[in-house]
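Summary of the model geometry
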Amino acid sequence: MTPGSAVTPARRATLRVLGRVSAGALLDGAFADATTSLDDRDRRWARQCTFGTLRLRGRLDHLLDAYVRRGLASVDAPLADLLRMGAFQLLYMEGVPAYAAVSQAVDQAREVASPGAARLVNGVLRAVGRGGADPGRFPDRESDPAGFLSTWHSHPRWLVERWLERWPFPVVLELVKANNQVPSVYLRPLGVRPDTALEALGPGARPSVLGSGCVELPSGLSPPEALGRVRGIIQDPAAALVTHYADIPSGWLVADLCAAPGGKAVALAETAGYVVAADRSVARLRRLQETVERLGSRMGVVAARAEAPPLREAPGVLVDAPCSGTGTVRRHPDSKWRLRSGDIEALAGVQRAILDGAAALVPSGGLLVYATCTLEPEENEEQVKSFLTRHPEYSIEATDAVAPELLDGAGRLFVAPWASGSDGAFAARLRRVS
């Protein structure tokens, strides 16, 4: 690539995705929409640049802020995204020559802004290239731990301050490090032994951690290719552990009230008598229906709000509740920038309403399993305690279906991203006792 050359399709797609995410779109959907016309090589490049830029946005913003005269906040959103992706290429994409990163960004700036913007991009990125990413230019971890974690380790300051109130600095440090790792992709075999799946997936496939039954895909094997070799679903070990922990007896009718995208529902359907999979999103249910048809699962898919379940009774109920998702930041790096502190309280209210609706479905002796992929106590431990106060007919019932170290003192499941190498997960298994 030489100065003045046309902008590559992968860079155009990357900037388009970052722009949509800045405007509020979810990263996964925006990326899928923007990269449909790219070949595999360009798509991989765009994914590395897009997801990497969002993972390290806090670090990149701190560096860029020093080189923009009035600060990065003074720059229009498209130009800020362009500076971020250019800085990421310069500092963290080893296969990209510095001149290509700068010249391409300058060309893009001319397309999306003005000649003055192109000069700004040129000057700022050249300065970034000369200065590098020296940790010494960031807040000191001893005197300003929240500043250090939010900039060098690229998380919103309000969020790391919240975590520091709950956990000691070394734990939060390991958490933010884990969140900034590129996650492995796992397949959960269904009706296939893990050792048989490992053999079918080929060299490099490995069993996952924590006895989840998942298999880590080898590098270079895409999820569609893996699913063509092994009957199963793409699922992180933490999500798989939730259904192990649920430990719902074989043959039961199960209602999954927040089912889409459906991984937990189809896993439960392997042993359930039947699963009713409900969700309010028709678009997400269409994708679930495709999975049901591919696997031949014993399941009915229905559009319904979880607060008003679409059936009168089910001995097994799963509420995989909408949540802040702070346990899955490594897989969804845009989520940490979208989340606001007030969202947690608002989501806790939604969860409370869903739990109250679900509680009425379960007959005496039945099970209600509440699960989230968040680390926040208002949505996890405190939510369960509040539920048990409102519904004394329920009590927590632990299970030996998962390793004891995954259970807290009350018998609830807690999978910590910093300790497990997987996503985070929480679940409480609630038995209706009278």
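These remarks concern the structure in this document. Keep in mind that this is a model prediction, so the values were computed, not measured.

**Quick word on the pairing of strand E12 (residues 425-432)**
- Where burial is concerned, most of E12 is hidden: seven out of the eight residues are buried.
- As defined by bridge partners, strand E10 (residues 394-396) adjoins E12 across three bridges and the pair is classed as antiparallel. Across the sheet, residue Ile 396 finds its bridge partner in E12, namely Leu 430.
- Where strand E11 (residues 413-415) lies against E12, three bridges are found, and the strand directions are antiparallel. In the sheet register, Leu 413 faces E12, and the bridge partner there is Ala 427.

**Examining the sheet that holds strand E4 (residues 232-234)**
- The strand order across the open sheet built from four strands is E2-E3-E1-E4, with neighbouring strands paired in antiparallel fashion. In this open sheet, the two edge strands, each paired with only one partner strand, are strand E2 (206-207) and E4.

**A few points about the packing of aromatic side chains**
- Counted according to the given criterion, the structure contains six aromatic pairs.
- When the centroid spacing of 5.8 Å and the interplanar angle of 35 degrees are considered together, the rings of Phe 88 and Tyr 92 count as tilted. Note that Phe 88 and Tyr 92 are positioned in helix H5 (residues 77-92) at a spacing of four residues, about one turn of the helix.
- On the accessibility criterion, Phe 88 (6% relative accessible area) is buried.
- Judged by its relative accessible area of 26%, Tyr 92 is partly exposed.
- Taken together, the aromatic side chains of Trp 167, Phe 414 and Trp 418 make up a single cluster linked through ring pairs.
- Geometry around Phe 31 places Arg 47 over its ring, the cationic atom sitting 5.8 Å from the centre.
- A cation sits over an aromatic face here: Arg 47 above Phe 51, 4.0 Å from the ring centre.

**Describing the environment of Trp 163**
- Along the polypeptide, Trp 163 turns up in helix H9 (residues 157-166).
- Using a relative accessible area of 0% as the deciding quantity, one classes Trp 163 as buried.
- Between the alpha carbons of Trp 163 and Leu 375 there is a distance of 9.3 Å; along the sequence they are 212 residues apart.
- The contacts of Trp 163, once residues within four sequence positions are left out, are His 155, Val 172, Leu 175, Val 176, Asn 179, Thr 326 and Glu 376.

**Looking at the pattern of salt bridges**
- According to the stated counting rule, one finds 28 salt bridges in the structure shown.
- Taking the shortest distance from any N to any O, the salt bridge between Asp 356 and Arg 390 comes out at 3.0 Å. Of the two residues, Asp 356 sits in helix H17 (residues 341-359) while Arg 390 sits in helix H18 (residues 381-390), which places them 34 residues apart along the sequence.
- One salt bridge in this structure joins Arg 429 and Glu 397, with 2.7 Å as the shortest N-O distance. One end of the pair, Arg 429, is in strand E12; the other, Glu 397, is in the loop between E10 and E11, and 32 residues separate them in sequence.
- Given a relative accessible area of 28%, Glu 397 falls into the partly exposed group.
- Each of the salt bridges in this network shares a partner with another, and the network as a whole consists of Arg 57, Asp 61, Asp 81 and Arg 84.

**Thoughts on the nonpolar core**
- Among the nonpolar cores identified, the biggest contains 45 residues, and Val 17, Leu 64, Leu 79, Leu 82, Leu 83, Val 121 and Leu 125 are the most heavily contacted of them.
- Looking at this core, the elements that each hand over two or more residues are helix H1 (9-22), helix H2 (27-34), helix H3 (40-55), helix H4 (57-65), H5, helix H6 (98-112) and helix H7 (115-131).
- Not counting residues within four places of it along the chain, the set of residues in contact with Leu 83 comprises Leu 64, Val 68, Leu 72, Val 121, Val 124 and Leu 125.
- Within the second largest apolar cluster, 42 residues are counted, among which are Leu 63, Trp 167, Cys 258 and Leu 430.

**Remarks on H9**
- Of the residues making up H9, those classed as buried are Leu 159, Val 160 and Trp 163. Angular distribution of buried residues about the axis of H9 spans 95 degrees; they occupy a single face of the element.
- Among the structural elements, helix H8 (145-151) and helix H10 (169-179) are those in contact with the buried residues of H9.

**Quick word on the packing of H5 against H7**
- Following both chains from N to C, one finds H5 and H7 inclined at 30 degrees, their axes separated by 10 Å at the closest point. When the axes of H5 and H7 are compared, the pair comes out roughly parallel. Regarding H5 and H7, the two cross each other, and that crossing is right-handed. Of the residues in H7, those in contact with Leu 79, Leu 82, Leu 83, Gly 86, Ala 87, Leu 90 and Leu 91 of H5 are Ala 117, Leu 120, Val 121, Val 124, Leu 125, Val 128 and Gly 129.
- For the contact of H5 with H7, the per-class residue count stands at twelve nonpolar, two polar and no charged.

So, how was this worked out
Residues numbered from 1 in each chain as written. Predicted model: local features only at pLDDT ≥ 70, side-chain atom pairs only at ≥ 80, totals over all residues. Heavy atoms only, no water. Buried < 20%, exposed > 50% of the residue type's maximum accessible area, 1.4 Å probe, protein only. Helix = DSSP H or I, 4+ residues; strand = E, 2+ residues; numbered from the N terminus. Pairing = 2+ DSSP bridges. Phe/Tyr/Trp six-rings, centres within 6.5 Å; stacked < 30°, edge-to-face > 60°. Lys NZ or Arg CZ within 6 Å of the ring centre and 35° of its normal. Contact = heavy atoms within 4.5 Å. Salt bridge = Lys/Arg side-chain N within 4 Å of Asp/Glu carboxyl O. Core = buried A, V, L, I, M, F, W, Y, C linked by side-chain atoms within 4.5 Å. Arc of directions from axis to C-beta. Axes fitted to C-alpha atoms, helices over the stretch in contact; angles between N-to-C directions. Parallel < 35°, antiparallel > 145°, perpendicular 65-115°, else oblique. Left-handed = near helix turned anticlockwise from the far one by under 90°. Nonpolar A, V, L, I, M, F, W, Y, C, P; charged D, E, K, R; others polar.

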